[in-house]
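Now for the letters of each chain:
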Amino acid sequence: MVCDSANRIEAESISIRVLSGAKCISHFVFCDRSFFMYCVGIAKMRRTVQRYLDEKGRGERMATWNTRGLRGSTLEELINRTNEIYLEKKLALIQKIPTPITPLKIDKDERHITLAYFEQKSTVDYIGVVQGIPVCFDAKECTVDTFALQNIHPHQVEFMTRFEEQGGVSFLILFFSTRNELFYLPYRDMMKFWNRAQEGGRKSFRYVELDQEYYIEPRGGLLVPYLDALQKDLGARD
């Protein structure tokens, strides 16, 4: 992604750990202000989730999905925690795919990146295997009851399609923040909405168009238990 230097924003106050935490990015260059504000939200989100994990570690009562501090922008972290539990129980091995970045400046003495920007293209957020079944999925948030398909990028659709062609299972996890509801969107339903738009129809889909059978309800310490919906998806393919 080529950034216009006149529009770049340096977020010097943000420090986000990369991979193991051995290196960190102390500030980024962003190509638009909305993405900058998104990353500010991510920084706040990480502090909220860390408090949740600290409380859990002390044996205090676990926060629930309805707790204000765990809503909205914490979706990615809650999925990550769910994946950790799935791994501990040997149910699945799911990896978060890091967002590609291009370093511009590196502090060799401190061994961390001091200036970088996010590359535009990535595939999906998560990829892995569930009991021998390859899976890949992306997590999306929506603040209204209409989900704009522009939030799904063509290269992501292409990757998910090729993944399906190789025998894998692709899907989306959607969070409707105003409703505080999570849904699993099967690949076939995503493509129904996508193809409708490509043929000149709606460039979005509505909450009421979702299959309510794929509602994800937190339970048993799992905040985003998507394996139940995955099982339904697999059953519908038989």
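The model shown is predicted, which means the values in this text are computed figures rather than measured ones.

## Looking at the overall build of the protein chain
Reasoning step 1: Summing up its helical and strand segments, the protein chain has five helices and 14 strands in all.
Reasoning step 2: In the protein chain, 62% of the contacts between residues at least 6 apart in sequence involve partners at least 24 apart.

## Considering the pairing of strand S11 (residues 169–176)
Reasoning step 1: Extensive coverage of S11 is indicated by the burial of eight of its eight residues.
Reasoning step 2: Across the two faces of S11 the burial is the same, with Val169, Phe171, Ile173 and Phe175 and Ser170, Leu172, Leu174 and Phe176 all buried.
Reasoning step 3: In terms of strand pairing, strand S9 (residues 133–142) meets S11 through eight bridges, oriented parallel. In the sheet register, Val135 faces S11, and the bridge partner there is Val169.
Reasoning step 4: Where S11 and strand S12 (residues 181–186) come together, six bridges link them in antiparallel fashion. Bridge pairing links Phe175 to Leu182 in S12.
Reasoning step 5: What sits between S11 and S12 in their antiparallel hairpin is a turn of four residues, with Asn180 showing a positive phi close to 60°.

## Looking at a nonpolar patch on the surface
Reasoning step 1: Residues Leu87, Leu93 and Val129 make up a contiguous nonpolar surface patch of about 230 Å² in total accessible area.
Reasoning step 2: Considering the arrangement of structural elements, one finds Val129 in strand S8 (residues 126–130).
Reasoning step 3: The exposure class assigned to Val129 is partly exposed, which follows from its relative accessible area of 32%.

## What about the packing of helix H3 (residues 154–165) against helix H4 (residues 187–198)?
Reasoning step 1: It is the contact of H3 with H4, at a shortest axis distance of 12 Å, that shows an interaxial angle of 140°. Judged by the inter-axis angle, H3 sits oblique to H4. The interaxial crossing formed by H3 with H4 has left-handed handedness. Every residue of H4 that contacts H3 at Pro154, Val157, Met160, Thr161 and Glu164 is listed here: Tyr187, Met190, Met191 and Trp194.

## Re the sheet that holds S8
Reasoning step 1: Ordered in space as S5-S8-S9-S11-S12-S14, the six strands form an open sheet in which the pairing is mixed. Where the open sheet ends on each side, the last strands, each with one partner, are strand S5 (93–96) and strand S14 (215–216).
Reasoning step 2: This element, H4, spans S11 and S12 of the sheet and lies at about 85° to S12.
Reasoning step 3: Those strands touched by helix H5 (residues 227–237) are S8, S9, S11 and S12, and its axis lies near 135° from that of S11.

## Details of the packing of aromatic side chains
Reasoning step 1: Scanning the model with the defined rule gives 14 aromatic pairs in all.
Reasoning step 2: Taking the centre distance of 4.9 Å and the plane angle of 15° together, the rings of Tyr126 and Phe137 count as stacked. Taken together, the residues span a long stretch of sequence, with Tyr126 in strand S8 and Phe137 in strand S9 at a distance of eleven residues.
Reasoning step 3: Look at Phe183 and Tyr215: their rings are 5.6 Å apart centre to centre, the planes differ by 65°, and that puts the pair in the edge-to-face class. Linking Phe183 in strand S12 with Tyr215 in strand S14, this pair joins segments that are 32 residues apart in sequence.
Reasoning step 4: The class of Phe183 is buried, set by a relative accessible area of 1%.
Reasoning step 5: Exposure remark for Tyr215: the relative accessible area of 34% places this residue in the partly exposed category.
Reasoning step 6: Lying across the ring of Tyr126, Lys96 places its NZ or CZ 5.7 Å from the centre.
Reasoning step 7: The ring of Tyr207 has Arg179 lying over it, and the distance from NZ or CZ to the ring centre is 3.8 Å.

Conventions we followed
Residues numbered from 1 in each chain as written. Predicted model: local features only at pLDDT ≥ 70, side-chain atom pairs only at ≥ 80, totals over all residues. Heavy atoms only, no water. Helix = DSSP H or I, 4+ residues; strand = E, 2+ residues; numbered from the N terminus. Contact = heavy atoms within 4.5 Å. Buried < 20%, exposed > 50% of the residue type's maximum accessible area, 1.4 Å probe, protein only. Pairing = 2+ DSSP bridges. Patch = residues over 30% accessible without salt bridge, like charges linked within 9 Å, V, L, I, M, F, W, Y side chains within 5 Å. Areas by Shrake-Rupley, 256 points an atom, 1.4 Å probe, with all protein chains shown as cover. Salt bridge = Lys/Arg side-chain N within 4 Å of Asp/Glu carboxyl O. Axes fitted to C-alpha atoms, helices over the stretch in contact; angles between N-to-C directions. Parallel < 35°, antiparallel > 145°, perpendicular 65-115°, else oblique. Left-handed = near helix turned anticlockwise from the far one by under 90°. Phe/Tyr/Trp six-rings, centres within 6.5 Å; stacked < 30°, edge-to-face > 60°. Lys NZ or Arg CZ within 6 Å of the ring centre and 35° of its normal.

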